[in-house]
Amino acid sequence: MPLPHRHLTSALVRREGDLFLFDCGEGTQVALKKLNLRWKKISAIFISHTHADHVTGLPGMLMLSSQVDRTDPLYLIGPPRLKEYYEVNRRSLEMYVNYEIIVHEISNPSEPQVVFKGDGYQVRSFPLNHSRVCVGYTLEEELRPGIFHPEKARELGVPMGPFWAQLQAGEAVTVAGRTVTSDAVLGPPRSGVKFSYVTDTAPLASIAGEVKDSDLLLCEGMFTRDLEAGAREKKHLTSTQAAEIATGAGGVASLGLFHYSPRCNEKELKRLLTEAREVFPNAFLARDGQIIDLPNHD
Ligand SMILES: [Zn+2]
Ligand SMILES: [Zn+2]
């Protein structure tokens, strides 16, 4: 349920100029308008499941994206019934859309899989346990080459110039009949940034392995600990259970809680956070419009 200062679920990820949206609850357009971004050119929208609080913002978003010229298609990715939802809306609203929308339904959502691949990163989906078929996502960058050491290149007789660029790209070069490989001048490969998105699920052991080593895990923390029985029945997580996932996964740098129960007032949100921090100290309450920077690992 949207509240005056709390919109429904959606997270925008920007990576090197590409924009990705995870879920699109009612009011997502309004929230995006407040950001000073060219958000109408979102490359892909990943939907966790087709409950209203995660998809009712979609028709407006798709129509508004027609206000800018785009040649690239927009990918709409999610579990079964997403296509039906999209097509019914498109037909009944006689939606004007001036670009290509490619809907990819994950036909076997119970299997973890790569659902989107770009230059240097990929998005995986993995199963969650909810009252409707529901998936979580990770956006993970590939390993990047290690840091380039120019002094080593010079020592090995490779002059500054195009050869350095080749070495930095991981290629070997031949100078004056001698071959120098990139590993002689590069440090160890650096891991890429990983973002994980988990919402609307009962606890499920397999989630931890998927979100391992996340720089940021956005995870629903809908209820306080005392409401655990009700949470389990509705197939949602308490903030304690979200923190247990982060701890159990290993390597998670920070945990952003979201998808709060509409009954949670500020005082109860504080309690959600306190309870989560008892299990995973680096937890915080994610807020509408909050911008989180995930720097490269160097
Ligand atoms: Zn749901
Ligand atoms: Zn929900």
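Residue positions are given per chain, counting from 1 as you read along its sequence in written order. Starting at A for chains and at 1 for ligands, labels are handed out in the order in which the entities are written. Per-residue local features are limited, in this predicted model, to residues with pLDDT of at least 70; the limit for side-chain atom pairs, both in listing and counting, is 80 or more; totals at the level of whole chains, interfaces and linings are taken over all residues.

Enquirer: Give a detailed account of the domain arrangement of the protein, specifying residues and quantitative values.
Expert: Reports of interface size often rely on the accessible area that becomes lost once the parts have come together. Start and end positions for the domains come from either an automated domain assignment or a database one. Considered domain by domain, the protein is made up of domain 1 (11-144 + 191-285) and domain 2 (152-184). Measuring from the centre of the C-alpha atoms in domain 1 to the corresponding centre in domain 2 gives 43 Å.

Enquirer: Talk me through the pairing of strand E13 (residues 255-258); I want residue IDs and the actual numbers.
Expert: By the alternation rule, side chains of E13 split into Leu255 and Leu257 and Gly256 and Phe258, which are all buried. Relative to E13, strand E12 (residues 216-220) runs parallel, the two sharing four bridges. Considered in E13, the bridge of Leu218 is made with Gly256. Any two strands with at least two DSSP bridges between them are considered paired. Think of it this way: any DSSP run of H or I at least four residues long counts as a helix, any run of E at least two long counts as a strand, and we number them from the N terminus. Taken together, the three bridges between E13 and strand E14 (residues 283-285) define a ladder with parallel strand orientation. Paired with Leu257 across the strands is Leu285, a residue of E14. Residues are called buried when their C-beta atom has 20 or more other C-beta atoms within 10 Å, exposed when it has 12 or fewer, and partly exposed otherwise; all C-beta atoms are positioned from the backbone.

Enquirer: With reference to specific residues and values, describe the sheet that holds strand E5 (residues 101-105).
Expert: Read from one edge of the open sheet, five strands run E1-E2-E3-E4-E5, paired in mixed fashion. The open sheet has two edge strands, strand E1 (11-15) and E5, and neither has a second partner. Pairs of neighbouring strands in the sheet enclose a mean axial angle of 20°, with direction left out of account. Inspection of the sheet shows strand E3 (residues 44-46) paired to strand E4 (residues 74-78) by three bridges, in the parallel sense. Where helices are involved, their axes are fitted lines through C-alpha atoms of the stretch in contact, as for all axes, and angles between N-to-C directions lie from 0 to 180°.

Enquirer: Run through the pairing of E5, naming residues and quoting values.
Expert: In this sheet, E5 lies alongside E4 in parallel orientation, the contact comprising five bridges. Directly across from Tyr75, in E5, lies its bridge partner Ile102. When the strands point away from the viewer, a crossover counts as right-handed if the path from the first strand over the helix to the second runs clockwise. Each parallel crossover has a hand, and for E4 linked through helix H4 (residues 82-92) to E5 it is right-handed.

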